[in-house]
Structure formats: C-alpha cells, structure tokens
Amino acid sequence: MEEMELWKEQVEVWKNQLEQLLHRATEYSRQIPLIQLYIAVAVLVVTTLLLLSIRLLKRTKSNTIVLTGLTGSGKTILFYQLRDGSSYLGAVTSMETNEGTFVLHSESSKKDKIKPVHLFDVPGHSRLQTKLDEVVPQAAGIVFVVDALEFLPNCHLASEYLYDILTNASVIKKNIPVLICCNKTDKVTAHTKEFIRKQMEKEIDKLRASRSAVSEADIANDFTLGVPGEAFAFSQCNNKVTIAEASGLTGEVAQVEQFIREHVKP
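Residues numbered from 1 in each chain as written. Predicted model: local features only at pLDDT ≥ 70, side-chain atom pairs only at ≥ 80, totals over all residues. Heavy atoms only, no water.

**Let's talk about the nonpolar core**
In summary, soluble globular proteins display a tendency toward joint burial of nonpolar side chains. Ranked by internal contacts, the top residues of the largest apolar core, which has 36 residues, are Ile-142, Phe-144, Leu-162, Leu-166, Met-200 and Phe-234. Mapped by element, the contributors of at least two residues to this core are α3 (130-135), β4 (139-147), α4 (151-166), β5 (178-183), α6 (193-211) and β6 (241-245). For this core, the element with the most residues is α4, which contributes 8 residues. Not counting chain neighbours up to four residues away, the residues in contact with Met-200 comprise Phe-144, Val-146, Phe-151, Ala-158, Ser-159, Leu-162, Ile-180 and Phe-234. Ranked by size, the runner-up nonpolar core spans 22 residues in total, among them Leu-119, Val-256, Phe-259 and Ile-260. (Core = buried A, V, L, I, M, F, W, Y, C linked by side-chain atoms within 4.5 Å. Buried < 20%, exposed > 50% of the residue type's maximum accessible area, 1.4 Å probe, protein only. Helix = DSSP H or I, 4+ residues; strand = E, 2+ residues; numbered from the N terminus. Contact = heavy atoms within 4.5 Å.)

**Section: the pairing of β5**
Looking along a regular strand, one sees side chains alternate from face to face of the sheet. Burial runs high along β5: 6 of the 6 residues are buried. Burial along β5 is two-sided: Val-178, Ile-180 and Cys-182 and Leu-179, Cys-181 and Asn-183, pointing in opposite directions, are all buried. One ladder, built from 6 bridges, connects β4 with β5; its direction is parallel. For Val-143, the partnering residue across the bridge sits in β5 and is Leu-179. (Pairing = 2+ DSSP bridges.)

**Digging into the pairing of strand β1 (residues 64-69)**
Among the 6 residues that make up β1, 6 are buried, leaving the element largely enclosed by the rest of the structure. Here β1 shows a buried face lined by Thr-64, Val-66 and Thr-68 and a second buried face lined by Ile-65, Leu-67 and Gly-69. Looking at chain direction, β1 and strand β3 (residues 117-121) are connected through 4 bridges and run parallel. Bridge pairing in β3 links Val-66 to Phe-120. Looking at chain direction, β1 and β4 are connected through 6 bridges and run parallel.

So this is what it looks like as structure tokens:
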C-alpha cells in the first residue's frame, strides 16, 4: 500500500514536470513568429537604407566639367558653343572664370529630362591658374584645350600645364578623366591630334626627367607620371586621358559633348 502511494506521488511529479515542459514549449512556439517578424522588419529597414544610400550617392555624383588650357586656345568660345551654340563674337580672351549650369545646347530641343552640366571655364593666364586647384576636386572630368593652329610655339608651355594637371593630387586620387581637345582643327594648317599627342608626350617625358631631379621637398604634392625606364605615353596614366578634335568657331564640338556625357550622365 505504501509503495502504491509512493508510485502515485512519483506519477504526480512526472505529470507536473510534463505540464511545465508543455507550457514552456507552447510559450516558445508563440515567440517564434515574433522573432521572425523582427528579423523581417530588420531586413526591410536595412534594405531600404541601402537603396536610399545608393540613390543619394547617384544624386551627389559630380556634374562639374572643368574647361582649361593656355590663353588663346579657345576655351571661352567652346564654353559658349556648348551653352548657346554660338561662338560669342569670335576670338575672346577671358581673364575671368566663366561658370554656368545648363543643358548642352545640342540637347536643348530634347523633350526628355536631361541632367544639366556645371561647366567651369578656368582662365589660362598663368596668374589665374591657381583657380584650377579650387575647382578640380569637384570635377567629373577635365577638358584641356590646345590651339592646334599655333601648337608648336606653345607646345612646351601647354605640356607643362598639362603635366601639372596630370600630377595634381585630386586628379590622381579620384582618377579624374582628361580630354585633350585640339581646337581650331577646321583650319587647313592646323596640326592633327596624333601629331599633337606625340609631341606632348615627348615634352612631358622631358619634364618628367627634369622634375624628378628636383628635391622631394619641392615636389611633395606631385606624383610621378608614367613607367620608370620607359618613354612616357598618356596610356600609362592612372586616370583616363583621351584626345579629340574640335572647332569652337564652326561649332564642331560633338567629341567634347560626347566626353562630357560619358562622365555626366544625362
């Protein structure tokens, strides 16, 4: 009889333990959907933030193009051709920065919404070239204008200016693309873009050799161009350097517009 009572007590204990286990299991099963819900909400929030970040980055991508080169190369005429489709009274030597945000003139008749370009025409005068350092960090691309008609007398100075651009810290770090625009190619005596490319590569090769002899303190902000031991070529630059022909006076600026739209998407 005593054993029977003990057995009943033991069964009661097991019963209570089983009820507790079932209760815990029920509670746990009720919590699983909540956990899944929390995970789903977290995934949704993270995905939304990621998409917003991507869109924000796309929106904040620079639409600035810098137009520069030596005085008399025709930068300002190109500026007005790109903006208005006019040469603005022929030859103009600008001593001030021209700046504007606009849809390219060739795109003005299109009905689709087109992203405007922020164009800087930086003066080519040596005293004003410091302005370039202010605008280059904002640039999506640089158009370096060369006078193809009077190229040889200005080859050294133009190459020296271009060398400074290609070794600019912002250009190197941000891989800012550069277009060498051979302007005034509508003239019969203008040099071809291939001739200009080869001559500028030779001049920059000489500059590279002479400047490497300068003390490190003097060129602390510069970067070495090209491959040591090899003749310099624009293809060796970390950033993309291309060359094109144009004529500001006749409105032949299609290659410049193509470069702009490659780096400032419409």
